[in-house]
Amino acid sequence: AEYMGAGSVLDVATGRGDFVEQFIKNCSDIERVVAIDVKDGISDSLKNDKELNFEFEVMDAYNMEFPDESFDTVSVSNSIHHFKEPEKVLKEVYRVLKKGGTLIVNEMYADEDCQTEAQITAKELHHLAAEINLLKGVPHFPTYYKKDLRSLINSLNLTLSEEVDYRFPIENPKDEEFLKQITAHWTNDDVIKDLEDYEKLK
(Lines give C-alpha, C1' and ligand atoms only; values in the text may rest on other atoms or scores of the structure.)
Protein backbone atom coordinates (compact mmCIF):
# COMPACT_ATOMS: atom_id res chain seq x y z
CA ALA A 1 0.00 0.00 0.00
CA GLU A 2 1.23 3.50 -0.77
CA TYR A 3 1.99 5.71 2.19
CA MET A 4 1.93 9.43 1.50
CA GLY A 5 4.10 12.09 3.04
CA ALA A 6 6.89 10.04 4.63
CA GLY A 7 9.20 13.07 4.61
CA SER A 8 12.49 12.52 6.43
CA VAL A 9 12.79 8.89 7.56
CA LEU A 10 14.88 7.15 10.22
CA ASP A 11 15.12 3.35 10.43
CA VAL A 12 16.42 2.21 13.83
CA ALA A 13 18.44 -1.02 14.23
CA THR A 14 18.19 -1.56 10.50
CA GLY A 15 20.24 -4.77 10.24
CA ARG A 16 20.55 -5.64 6.54
CA GLY A 17 18.15 -2.84 5.70
CA ASP A 18 15.48 -5.16 4.29
CA PHE A 19 12.54 -3.26 5.78
CA VAL A 20 13.73 0.22 4.93
CA GLU A 21 14.57 -0.85 1.36
CA GLN A 22 10.97 -1.97 0.81
CA PHE A 23 9.72 1.16 2.57
CA ILE A 24 11.68 3.38 0.19
CA LYS A 25 10.43 1.52 -2.88
CA ASN A 26 6.77 1.56 -1.82
CA CYS A 27 6.34 5.03 -0.32
CA SER A 28 6.08 8.48 -1.83
CA ASP A 29 7.22 11.97 -0.86
CA ILE A 30 10.40 10.74 0.81
CA GLU A 31 12.91 13.53 1.33
CA ARG A 32 15.72 11.58 2.96
CA VAL A 33 16.31 8.20 4.59
CA VAL A 34 18.79 7.49 7.37
CA ALA A 35 19.35 4.00 8.79
CA ILE A 36 21.32 3.26 11.96
CA ASP A 37 22.70 0.17 13.67
CA VAL A 38 25.57 -0.67 16.02
CA LYS A 39 27.41 -2.29 13.10
CA ASP A 40 27.33 -2.10 9.33
CA GLY A 41 25.46 -5.10 7.96
CA ILE A 42 23.66 -3.33 5.11
CA SER A 43 22.90 -5.59 2.14
CA ASP A 44 24.84 -5.09 -1.09
CA SER A 45 21.62 -4.45 -3.01
CA LEU A 46 20.86 -1.45 -0.81
CA LYS A 47 24.43 -0.15 -0.78
CA ASN A 48 24.75 -0.39 -4.56
CA ASP A 49 21.40 1.16 -5.49
CA LYS A 50 22.45 4.68 -6.43
CA GLU A 51 18.86 5.75 -7.12
CA LEU A 52 17.86 5.48 -3.46
CA ASN A 53 18.22 8.58 -1.30
CA PHE A 54 19.75 6.53 1.50
CA GLU A 55 22.51 6.90 4.07
CA PHE A 56 23.72 4.61 6.84
CA GLU A 57 25.35 5.55 10.15
CA VAL A 58 26.84 3.36 12.87
CA MET A 59 24.99 4.52 15.97
CA ASP A 60 23.68 3.27 19.31
CA ALA A 61 19.88 3.27 19.43
CA TYR A 62 19.98 3.99 23.16
CA ASN A 63 21.85 7.26 22.59
CA MET A 64 21.08 8.68 19.16
CA GLU A 65 23.14 11.59 17.98
CA PHE A 66 20.23 13.42 16.33
CA PRO A 67 18.59 16.57 17.72
CA ASP A 68 15.06 16.42 19.09
CA GLU A 69 12.29 16.20 16.49
CA SER A 70 14.60 15.41 13.56
CA PHE A 71 12.43 13.01 11.52
CA ASP A 72 8.90 12.91 10.12
CA THR A 73 8.82 9.10 10.16
CA VAL A 74 10.72 6.67 12.39
CA SER A 75 10.59 2.90 11.90
CA VAL A 76 11.76 0.02 14.10
CA SER A 77 11.43 -3.28 12.27
CA ASN A 78 11.98 -6.74 13.79
CA SER A 79 14.38 -5.22 16.29
CA ILE A 80 12.58 -4.58 19.59
CA HIS A 81 13.26 -8.15 20.71
CA HIS A 82 17.00 -7.49 20.33
CA PHE A 83 17.05 -4.76 23.00
CA LYS A 84 17.65 -5.48 26.68
CA GLU A 85 15.83 -2.26 27.54
CA PRO A 86 13.34 -1.57 24.74
CA GLU A 87 11.62 1.16 26.75
CA LYS A 88 14.76 3.30 26.61
CA VAL A 89 15.10 2.83 22.86
CA LEU A 90 11.47 3.77 22.27
CA LYS A 91 11.94 6.92 24.36
CA GLU A 92 14.85 7.88 22.11
CA VAL A 93 12.73 7.09 19.06
CA TYR A 94 10.00 9.37 20.39
CA ARG A 95 12.55 12.11 21.13
CA VAL A 96 13.82 12.28 17.53
CA LEU A 97 10.32 12.00 16.01
CA LYS A 98 8.72 15.30 15.01
CA LYS A 99 5.44 16.32 16.60
CA GLY A 100 2.68 14.97 14.40
CA GLY A 101 5.13 12.46 12.88
CA THR A 102 4.63 8.76 12.24
CA LEU A 103 6.13 5.88 14.23
CA ILE A 104 6.16 2.46 12.53
CA VAL A 105 6.82 -0.63 14.66
CA ASN A 106 7.06 -3.86 12.65
CA GLU A 107 7.43 -6.89 14.90
CA MET A 108 6.55 -10.59 14.86
CA TYR A 109 4.52 -11.80 17.83
CA ALA A 110 4.13 -14.97 19.92
CA ASP A 111 0.33 -15.34 20.10
CA GLU A 112 -0.40 -18.68 18.44
CA ASP A 113 -4.20 -18.42 18.60
CA CYS A 114 -4.21 -15.98 15.67
CA GLN A 115 -1.24 -17.31 13.68
CA THR A 116 -0.98 -19.54 10.65
CA GLU A 117 1.12 -22.70 10.71
CA ALA A 118 3.83 -20.83 8.80
CA GLN A 119 3.88 -18.04 11.38
CA ILE A 120 4.13 -20.50 14.27
CA THR A 121 7.03 -22.27 12.54
CA ALA A 122 8.78 -18.94 11.95
CA LYS A 123 8.30 -18.05 15.62
CA GLU A 124 9.82 -21.37 16.77
CA LEU A 125 12.79 -20.89 14.43
CA HIS A 126 13.26 -17.40 15.80
CA HIS A 127 13.24 -18.68 19.38
CA LEU A 128 15.94 -21.19 18.45
CA ALA A 129 18.04 -18.39 16.94
CA ALA A 130 17.50 -16.25 20.04
CA GLU A 131 18.60 -19.05 22.37
CA ILE A 132 21.75 -19.63 20.32
CA ASN A 133 22.60 -15.94 20.13
CA LEU A 134 22.18 -15.53 23.89
CA LEU A 135 24.59 -18.42 24.44
CA LYS A 136 27.04 -16.52 22.23
CA GLY A 137 26.53 -13.32 24.22
CA VAL A 138 24.45 -11.58 21.54
CA PRO A 139 21.29 -9.79 22.77
CA HIS A 140 18.37 -11.65 21.18
CA PHE A 141 15.17 -12.47 23.03
CA PRO A 142 11.96 -14.43 22.38
CA THR A 143 9.17 -12.71 20.49
CA TYR A 144 6.71 -10.59 22.46
CA TYR A 145 3.04 -11.24 22.92
CA LYS A 146 0.77 -8.63 21.35
CA LYS A 147 -0.33 -7.24 24.71
CA ASP A 148 3.29 -6.64 25.71
CA LEU A 149 4.07 -4.89 22.43
CA ARG A 150 0.99 -2.71 22.86
CA SER A 151 2.06 -1.85 26.40
CA LEU A 152 5.52 -0.78 25.23
CA ILE A 153 4.16 1.38 22.43
CA ASN A 154 1.30 2.86 24.45
CA SER A 155 3.80 4.06 27.05
CA LEU A 156 4.74 6.76 24.54
CA ASN A 157 1.24 8.28 24.76
CA LEU A 158 0.81 8.52 21.01
CA THR A 159 -2.23 10.44 19.82
CA LEU A 160 -3.35 7.84 17.26
CA SER A 161 -2.37 4.24 16.66
CA GLU A 162 -3.29 1.61 14.08
CA GLU A 163 -2.50 -2.09 14.21
CA VAL A 164 -2.17 -4.15 11.02
CA ASP A 165 -1.38 -7.85 10.57
CA TYR A 166 0.47 -9.10 7.51
CA ARG A 167 2.23 -12.30 6.52
CA PHE A 168 4.55 -13.60 3.84
CA PRO A 169 2.99 -16.44 1.80
CA ILE A 170 4.82 -19.75 2.32
CA GLU A 171 3.64 -22.87 0.49
CA ASN A 172 5.10 -25.36 2.96
CA PRO A 173 6.12 -23.95 6.36
CA LYS A 174 7.72 -27.27 7.30
CA ASP A 175 9.77 -27.89 4.18
CA GLU A 176 12.45 -30.29 5.43
CA GLU A 177 15.24 -29.00 3.22
CA PHE A 178 14.62 -25.38 4.22
CA LEU A 179 14.49 -26.22 7.93
CA LYS A 180 17.65 -28.31 7.62
CA GLN A 181 19.54 -25.42 6.01
CA ILE A 182 18.36 -22.91 8.63
CA THR A 183 19.14 -25.03 11.67
CA ALA A 184 22.51 -26.13 10.25
CA HIS A 185 23.43 -22.47 9.72
CA TRP A 186 22.86 -21.75 13.43
CA THR A 187 24.03 -24.96 15.11
CA ASN A 188 27.24 -25.41 13.10
CA ASP A 189 28.69 -22.17 14.45
CA ASP A 190 32.14 -22.90 15.91
CA VAL A 191 31.48 -20.42 18.73
CA ILE A 192 28.77 -22.64 20.25
CA LYS A 193 30.06 -26.15 19.53
CA ASP A 194 31.83 -26.38 22.88
CA LEU A 195 28.89 -25.10 24.90
CA GLU A 196 27.18 -27.41 27.36
CA ASP A 197 23.81 -27.19 25.58
CA TYR A 198 25.17 -27.70 22.05
CA GLU A 199 23.85 -31.24 21.58
CA LYS A 200 20.43 -30.22 22.80
CA LEU A 201 20.31 -27.30 20.36
CA LYS A 202 21.61 -29.44 17.53
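The written sequence of each chain sets the order in which its residues are numbered from 1. Given that this is a predicted model, residues contribute local features only at a pLDDT of at least 70 and side-chain atom pairs are listed and counted only at 80 or more, while totals for whole chains, interfaces and linings are drawn from all residues. Note: side-chain values were computed over all heavy atoms of the structure, leaving out hydrogens and water.

Undergrad: Looking at this model, I keep getting lost on the overall build of the chain. Mind explaining?
TA: The helix and strand labels rest on DSSP assignments: H or I over at least four residues marks a helix, E over at least two residues marks a strand, and numbering proceeds from the N terminus. Per the secondary structure count, the chain includes 7 helices and 5 strands. Classification of the 202 residues of the chain by burial places 39% in the buried group. Residues count as neighbours in contact if any of their non-hydrogen atoms are within 4.5 Å of one another. Considering only contacts in the chain between residues 6 or more positions apart, those separated by 24 or more positions represent 65%. Note on classification: 1.4 Å probe, protein chains only; a residue is buried when its accessible area is under 20% of the maximum for its type, exposed when over 50%, partly exposed between these limits.

Undergrad: Explain the pattern of salt bridges to me, please; I cannot follow it from the model alone.
TA: Think of it this way: side chains of opposite charge can pair up when their charged atoms draw near. Salt bridge, as used here: a side-chain nitrogen of Lys or Arg that lies within 4 Å of a carboxyl oxygen of Asp or Glu. Scanning all chains against the criterion turns up 11 salt bridges. Residue K25 pairs with E21 through a salt bridge whose shortest N-O separation is 3.3 Å. With K25 and E21 both in helix α1 (residues 18-26) and 4 residues apart, the pair spans about one turn of that helix. The partly exposed category is assigned to K25, whose relative accessible area is 49%. Between E55 and R32 there is a salt bridge whose closest N-O contact spans 3.5 Å. With E55 in strand β3 (residues 54-58) and R32 in strand β2 (residues 30-37), the pair connects residues that are 23 residues apart, well separated along the chain.

Undergrad: Please clarify how the side chain of E107 should be interpreted in this entry.
TA: Secondary-structure assignment places E107 in the loop between β5 (97-106) and α4 (117-135). At 3.4 Å, the side chain of E107 and the backbone nitrogen of I80 are in polar contact. Any pair of N or O atoms that falls within 3.5 Å is considered a polar contact. Within protein, one atom must be able to donate a hydrogen and the other to accept it, and sequence-neighbouring residues count only if both atoms are side-chain atoms. In terms of polar contacts, E107 uses its side chain to reach the side chain of H81, at 2.4 Å.

Undergrad: Would you take a moment to explain the pairing of β5 for this structure?
TA: On a regular strand, each side chain points to the face opposite its neighbour's, so the side chains alternate between the two faces of the sheet. Across 6 bridges, the pairing between strand β4 (residues 71-77) and β5 is parallel. Residue pairing in the sheet places V74 in a bridge with L103 of β5. Note on handedness: a clockwise path from strand one over the helix to strand two, with the strands aimed away from the viewer, defines a right-handed crossover. Taken together, β4, helix α3 (residues 86-96) and β5 constitute a β-α-β crossover, and its handedness is right-handed. Strands pair, by our definition, only if DSSP identifies at least two bridges between them.

Undergrad: Help me understand helix α5 (residues 146-154), please; the structure alone is not making it clear to me.
TA: In an α-helix there are 3.6 residues to a turn, and that puts residues three or four apart on one side. Taken together, the buried positions of α5 are occupied by K146, L149, L152 and I153. The arc that holds every buried residue of α5, seen down its axis, measures 125°, which confines them to one face. Summarising the contacts, the buried residues of α5 are in contact with α3 and β5. Of all possible arcs, the one meant is that of the directions from the helix axis to the C-beta atoms.

Undergrad: Please explain the environment of Y166 as it appears in this structure.
TA: Looking at the secondary structure, you find Y166 in the loop between α5 and α6 (176-187). It is 9.7 Å that separates the C-alpha atoms of Y166 and M108, two residues lying 58 residues apart in sequence. Those residues within four positions of Y166 in sequence are excluded, and the remaining contacts are N106 and Q119.

Undergrad: Can you help me understand the nonpolar core in this one?
TA: As a rule of thumb, nonpolar side chains are buried together in soluble globular proteins. Within this scheme, the nonpolar core is defined by two criteria: the residues are buried Ala, Val, Leu, Ile, Met, Phe, Trp, Tyr or Cys, and they are joined through side-chain atoms within 4.5 Å. Counting residues in hydrophobic clusters, the biggest one holds 25 residues, and the most contacted among them are L10, V12, I36, M64, F66, V74 and V93. With 4 residues, α3 is the single largest residue contributor to this core. Excluding residues within four positions of it along the chain, L10 makes contact with V34, I36, M64, F66, F71, T73, V74, S75 and V96. Listed in part, the 12 residues of the second largest apolar core include I24, V33, A35 and I42.

Undergrad: Explain the pairing of β4 here, please?
TA: Burial analysis of β4 places 6 of its 7 residues in the buried class, which makes it a mostly covered element. Here strand β1 (residues 7-12) pairs with β4 via 4 bridges, running parallel. Bridging across to β4, L10 finds its partner in V74.

In short, geometric facts, not functional conclusions.
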